[in-house]
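# What the coordinates show
Single-letter residue listing:
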2 protein chains.
Amino acid sequence: MYDVARLAGVSQTTVSFVVNNVTSAAISQETRDRVWAAIHALGWRPNAIARGLRTRHSQTLGLISDEVVTSPYAVRMILGAQEAAWSVRQMLLVVNTSGQQDIEQMALQFMLERRVEGLIYATMYHHEVVPPPDLGPVPMVLVNCFVADRSLPALIPDEVQGGYTATEALIRRGHRRIAFINEVIPMPALFGRLEGYRRALADYGLPFDPTLVCSVHSNAQEAFAATRALLELAERPTAIFCFNDKMAMGAYDAIKRLGLRIPHDVAVVGFDNLELIAAQLYPPLTTVELPHYEMGRRAVEMLQTLPAGETLPPIQHYIPCPLIERASI
Amino acid sequence: MYDVARLAGVSQTTVSFVVNNVTSAAISQETRDRVWAAIHALGWRPNAIARGLRTRHSQTLGLISDEVVTSPYAVRMILGAQEAAWSVRQMLLVVNTSGQQDIEQMALQFMLERRVEGLIYATMYHHEVVPPPDLGPVPMVLVNCFVADRSLPALIPDEVQGGYTATEALIRRGHRRIAFINEVIPMPALFGRLEGYRRALADYGLPFDPTLVCSVHSNAQEAFAATRALLELAERPTAIFCFNDKMAMGAYDAIKRLGLRIPHDVAVVGFDNLELIAAQLYPPLTTVELPHYEMGRRAVEMLQTLPAGETLPPIQHYIPCPLIERASI
DNA sequence: ATGAAAGCGCTAACAC
DNA sequence: GTGTTAGCGCTTTCAT
């Protein structure tokens, strides 16, 4: 910067002023031009580290995740966060902990040492977490997870609304016997989607029939068997709501194997909106989207709105899960 | 740090020495303990920004990608890069450009201002690129892409070997009429895999039959049609090598629709190893893996080995694509 | 309209 | 074994 100043025949202060467009001390246009010319001539680039030291702003956000970075389920979360950060000239420091506590702890330390101005703690699937306690002075927001006592702000999918939306879509198409193949491992998604399913049924005056609801592990194979069983029922369902798209994949196989057509004979709706599956299946799968992009985006947005030094209110934000209509209902 | 020093009754230098475990000036164990005690008492944490300014090391690597971050194809690349960086205490600054030149240019500037010590430029699929010219003094390695004149080091999948491996696996199972449903849009993967397919055939003394090779867009639907056509051939193939897993998904549908069984009647091998598809398909798909994790890992590894200030030799590294055996052949 | 000077929090010669 | 001191490259107050 001194070199630039010397070449432009001004003080280093002036260079700083023109680079940062400081308005309080108006520099003449002619001087500005000289300075910029010198900058380009020298190929000088400001040193963000030095600037950060001085301003006490790293312009950096930390993103700690368990597996989310590597899971196709949720990569859009990173995209949302990164694009939002980008729009306010911040950058994202990411580390994936593979679920290991020690890595998580160290990652947090590293980020705090780098003076990140906010932290996002994200998980691959919606569940309860216990993040490291010592966050120092930086605000943290949870994405796709929450702490037991709700003492940290969180952005989580509105599972109930998602289950409701899926079921309602089916009901609106005239289906009255709607099966639900649920996940079997207890998790918020399981309870929430089931609750949404029941509420939709109730709201439309349809009975809740326990024989139409089953629980299996969420993979194509178990869903295949479950679908088969469902379709062998005396009064078989005309529509199946699958806990996720992987299961819908198995359901498709079972339905086709029985010579039935989708959606003519049996309608199917999934959950997750995994492009790779939903769009490639035949017919393309109507499904409910997990709002990963939106959660990532809002996470950094929340971190922005924070008047320096303050802490975010521990609000649990339920983000809606929109229906993505394709051709399976 | 001054506060810590005062509390421990030593100079600030001593604190620095114990924090950084400086061996050149051995501090007595008793002093070390006092210093650490003070550090914990005060909850002090070193400021990596100040340290970076002084040492001129940011301990940071930049990762610029077009879509790779958001594509399930390649998220493992980030994992590989991040884990490797982690093991040498570096962190990753990531930005996804969505393919926009201006974002790319700015991202590069931002990273250079933050004094990243190395750059990784990655793309979603294997193709030629023109990265921004002004890299400043930092080394860059390309991942999953290359520049026309090969003037930048690159890590790319060995498509030829991948195609060869897939075909060979089929040949070893006794297949002699092996179809290949290739991609239609010209790209290295298309040419490489075809080349591998031909070489394997030749090496095993099998004739190359052009009627067994077709080109379609790489989606399930077109692969469905292509497979159908292939299976209606007078002398139909007993095995199909699909350009990618999405296409294998379509091939599965077509084979099953014709009442044929996999792999008994027709064997299938894919490419990409998209867990989501390959493992969920029934039967699970044998496929060739794109070495994303490995490319990410090696990229940061290469950046490490660089004696400060030097530039990486522009070697094009072809990373092998291993066969992932499941149950479709 | 521009410049002098005082740090931001740390590292690393060098001195004792 | 430990302390003194001089920066690293910037921003920003206060003078001029």
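The name recorded for chain A in an unreviewed UniProt entry is Transcriptional regulator, LacI family, from Chloroflexus aggregans.

Helices and strands together make up the secondary structure of chain A, namely twelve helices and twelve strands. In terms of C-alpha radius of gyration, chain A reaches 26 Å, well past the compact-globule figure of 20 Å for 329 residues. With the C-alpha coordinates aligned to their principal axes, the bounding extent of chain A is approximately 90 × 40 × 35 Å. Relative to its 329 residues, chain A shows a buried fraction of 56%. The long-range fraction of contacts in chain A, counting pairs at least 24 apart against all pairs at least 6 apart in sequence, stands at 71%. Within the structure as shown, chain A displays about 13900 Å² of accessible surface, and the carbon and sulfur contribution to it stands at 53%. Between the centroid of the 28 positive side chains of chain A and the centroid of its 33 negative side chains there is a distance of 5 Å.

Here the focus is the protein's contact with DNA strand D. For DNA strand D, the set of nearby residues contains 27 residues, the closest of which are R54 of chain A together with S11, T13, T31 and R56 of chain B. The contact atoms of DNA strand D, taken as those within 4 Å of the protein, divide so that sugar and phosphate hold 56%. A distance of 3.5 Å separates a base oxygen of DNA strand D from a polar atom in the side chain of T13 of chain A. The separation between a phosphate oxygen of DNA strand D and a polar side-chain atom of R51 of chain A is 2.8 Å.

So, on to the protein's contact with DNA strand C. Neighbouring DNA strand C are 26 residues; S11, T14, T31 and R56 of chain A together with R54 of chain B lie closest to it. Atoms of DNA strand C within 4 Å of the protein belong to the sugar or the phosphate in 59% of instances, the rest to bases. In the model, a base nitrogen of DNA strand C is placed 3.2 Å from a nitrogen or oxygen of the T13 of chain B side chain. A distance of 3.0 Å separates a phosphate oxygen of DNA strand C from a polar atom in the backbone of N47 of chain B. Looking at the surface near DNA strand C, the elements with two or more residues in it are α2 (12-19) and α4 (48-55) of chain A together with α2 (12-19) and α4 (48-55) of chain B. If one sorts the elements of the surface near DNA strand C by residue count, α4 of chain B sits on top with four residues.

With that out of the way, let us pick up the interface of chain A and chain B. Listed by partner, the interface residues are 54 residues for chain A and 54 residues for chain B. Of the roughly 5300 Å² buried between chain A and chain B, counting both surfaces, carbon and sulfur atoms make up 66%. Contact with chain B buries area across many residues of chain A, yet R45, W86 and L276 of chain A alone supply 15% of it, more than any other trio. Along the contact surface separating chain A from chain B lie four salt bridges. Those elements that provide at least two residues to the side of chain A that touches chain B are α4, α5 (75-87), β2 (91-96), α6 (101-113), α10 (245-257) and α11 (275-278) of chain A. When grouped by side-chain class, the residues that make up the side of chain A that touches chain B number 29 nonpolar, 13 polar and twelve charged.

Our next topic: the state of the cysteines. Here, disulfide denotes a covalent bond that connects the sulfur atoms of two cysteines. A full pass over the atoms with the stated rule returns zero disulfides over all chains. Summary of cysteine pairing: C242 of chain A is not part of a disulfide, and the nearest cysteine sulfur, belonging to C214 of chain A, is at 8.8 Å. With relative accessibility at 0%, the residue C242 of chain A sits in the buried group. C145 of chain B provides the cysteine sulfur closest to C321 of chain B, a residue in no disulfide bond, and the two sulfurs are 15 Å apart.

This next bit is on the pattern of salt bridges. Across all of its chains, the model carries 26 salt bridges over all chains by this definition. Here R6 of chain B ties to D3 of chain B by a salt bridge, and the two come within 3.2 Å at their closest N and O atoms. With R6 of chain B and D3 of chain B both in helix α1 (residues 2-8) and three residues apart, this pair spans about one turn of that helix. The exposed category is assigned to R6 of chain B, whose relative accessible area is 62%. For E159 of chain B, the salt bridge is made with R193 of chain B, and the minimal N-O distance between the two is 2.8 Å. Linking E159 of chain B in helix α7 (residues 159-172) with R193 of chain B in helix α8 (residues 188-203), this pair joins segments that are 34 residues apart in sequence. Accessibility expressed as a relative area gives 4% for E159 of chain B, which makes it buried. Residue class for R193 of chain B comes out buried when judged on its relative accessible area of 3%. Look at the salt bridges and you will find they share partners, linking E294, R297 and E301 of chain A into a network.

What counts, and where the lines are drawn
Residues numbered from 1 in each chain as written. Chains lettered and ligands numbered in written order. Predicted model: local features only at pLDDT ≥ 70, side-chain atom pairs only at ≥ 80, totals over all residues. Heavy atoms only, no water. Helix = DSSP H or I, 4+ residues; strand = E, 2+ residues; numbered from the N terminus. Rg over C-alpha atoms; globule rule 2.2 N^0.38 Å. Buried < 20%, exposed > 50% of the residue type's maximum accessible area, 1.4 Å probe, protein only. Contact = heavy atoms within 4.5 Å. Areas by Shrake-Rupley, 256 points an atom, 1.4 Å probe, with all protein chains shown as cover. Lys, Arg positive; Asp, Glu negative; His and termini not counted. Charge placed at Lys NZ, Arg CZ, Asp CG, Glu CD. Near = heavy atom within 4 Å. Polar contact = N/O pair within 3.5 Å; in protein donor to acceptor, adjacent residues only side chain to side chain. Buried area = accessible area lost by both parts, 1.4 Å probe. Salt bridge = Lys/Arg side-chain N within 4 Å of Asp/Glu carboxyl O. Nonpolar A, V, L, I, M, F, W, Y, C, P; charged D, E, K, R; others polar. Disulfide = S-S within 2.5 Å.

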